[in-house]
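# Coordinate analysis (summary)
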Amino acid sequence: MAEKSAVLRTCIYCREQVPPDANFCSQCGARLPYMPKPEPEEAEIIKVTDNGKEEPSLIFTVNELAKYLKTSKTSIYDLAKRGEIGHVRVGRRYLFPRHAVDEWLKKSCTRRQV
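Structure report, in brief. It should be emphasised that the depicted structure is a prediction, and the values quoted were computed from it without experimental measurement. (Residues numbered from 1 in each chain as written. Predicted model: local features only at pLDDT ≥ 70, side-chain atom pairs only at ≥ 80, totals over all residues. Heavy atoms only, no water.)

### As for the overall build of the protein chain
Each helix and strand in the protein chain was counted, giving three helices and seven strands. Along its sequence from the N terminus, the protein chain presents helices and strands in the succession β-β-β-β-β-α-α-β-β-α. Buried positions account for 24% of the 114 residues belonging to the protein chain. Here the analysis covers contacts within the protein chain between residues at least 6 apart in sequence; of these, 27% occur between residues at least 24 apart. Counting only carbon and sulfur atoms, one obtains 52% of the accessible surface of the protein chain, whose full area is about 9,900 Å². (Helix = DSSP H or I, 4+ residues; strand = E, 2+ residues; numbered from the N terminus. Buried < 20%, exposed > 50% of the residue type's maximum accessible area, 1.4 Å probe, protein only. Contact = heavy atoms within 4.5 Å. Areas by Shrake-Rupley, 256 points an atom, 1.4 Å probe, with all protein chains shown as cover.)

### Quick look at the nonpolar core
Counting twelve residues, the largest nonpolar core is built from F60, V62, L65, A66, I76, L79, A80, I85, Y94, F96, V101 and W104. For this core, the elements supplying multiple residues, two or more each, are α1 (62–69), α2 (73–81), β7 (93–97) and α3 (98–108). Sequence-distant contacts of L65, that is, excluding residues within four places in its chain, are made with F60, I76, I85, F96 and V101. Core analysis: the second largest hydrophobic core is formed by six residues, V18, C25, A30 and L32 among them. (Core = buried A, V, L, I, M, F, W, Y, C linked by side-chain atoms within 4.5 Å.)

### Focus on α3
Since there are 3.6 residues in each turn of an α-helix, residues three or four apart along the chain are aligned in direction. All of the buried residues along α3 are R98, A100, V101 and W104. Along α3, the residues classed as buried sweep out an arc of 160° about the axis, all on the same side. Structural note: α3 exposes H99, E103, K106 and K107 on the side pointing more than 90 degrees away from its buried face. (Arc of directions from axis to C-beta.)

### As for the packing of aromatic side chains
Considering all chains together, one arrives at three aromatic pairs under this definition. These aromatic residues form a ring-pair network of at least three members: Y77, Y94 and F96. For R89, the ring lying beneath its charged end belongs to Y94, and the centroid distance is 4.4 Å. (Phe/Tyr/Trp six-rings, centres within 6.5 Å; stacked < 30°, edge-to-face > 60°. Lys NZ or Arg CZ within 6 Å of the ring centre and 35° of its normal.)

### Some points on the pairing of β7
Among the five residues that make up β7, four are buried, leaving the element largely enclosed by the rest of the structure. As judged from the two bridges shared by strand β5 (residues 59–60) and β7, these two strands associate in the antiparallel manner. The residue bridging F60 from the neighbouring strand is F96, located in β7. Bridge analysis of strand β6 (residues 88–90) against β7 gives three bridges, and the strand direction is antiparallel. When the sheet's bridge partners are listed, V88 is paired in β7 with L95. Count of turn residues in the β6/β7 antiparallel hairpin: two residues, of which G91 carries a positive phi of about 65°. (Pairing = 2+ DSSP bridges.)

### Here's the deal with the packing of α1 against α2
Following both chains from N to C, one finds α1 and α2 inclined at 105°, their axes separated by 9 Å at the closest point. Classified by the angle between their axes, α1 and α2 sit roughly perpendicular to one another. On the side of α1, the interface is formed by V62, N63, L65, A66 and L69, while α2 contributes K73, I76 and Y77. Class assignment of the residues belonging to the contact of α1 with α2 gives a composition of six nonpolar, one polar and one charged. (Axes fitted to C-alpha atoms, helices over the stretch in contact; angles between N-to-C directions. Parallel < 35°, antiparallel > 145°, perpendicular 65-115°, else oblique. Nonpolar A, V, L, I, M, F, W, Y, C, P; charged D, E, K, R; others polar.)

What follows is the structure, given as structure tokens:
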């Protein structure tokens, strides 16, 4: 079992060390400022197969595609809603097959003649 490494917070009034999940200081009772929980790391775009080889994922989520294309999630949603990039809807989720993304990239790339 992995041991949790807790980063203590400091009360701004009495300088008491308090646990990261505490809302109030145990020494002076002051309310501590809100501290958002860190987001879990996103899934890797590369998957590891049963034989240990790394292969690219065949389907991207919106987050994965935004990371892959180095753009925002809003841009990905806009591309999908305009029908510019192939996708599949599963409930409310958008899924992007890798071959559709590759085709869109090839079609979108233009050569500038000098």
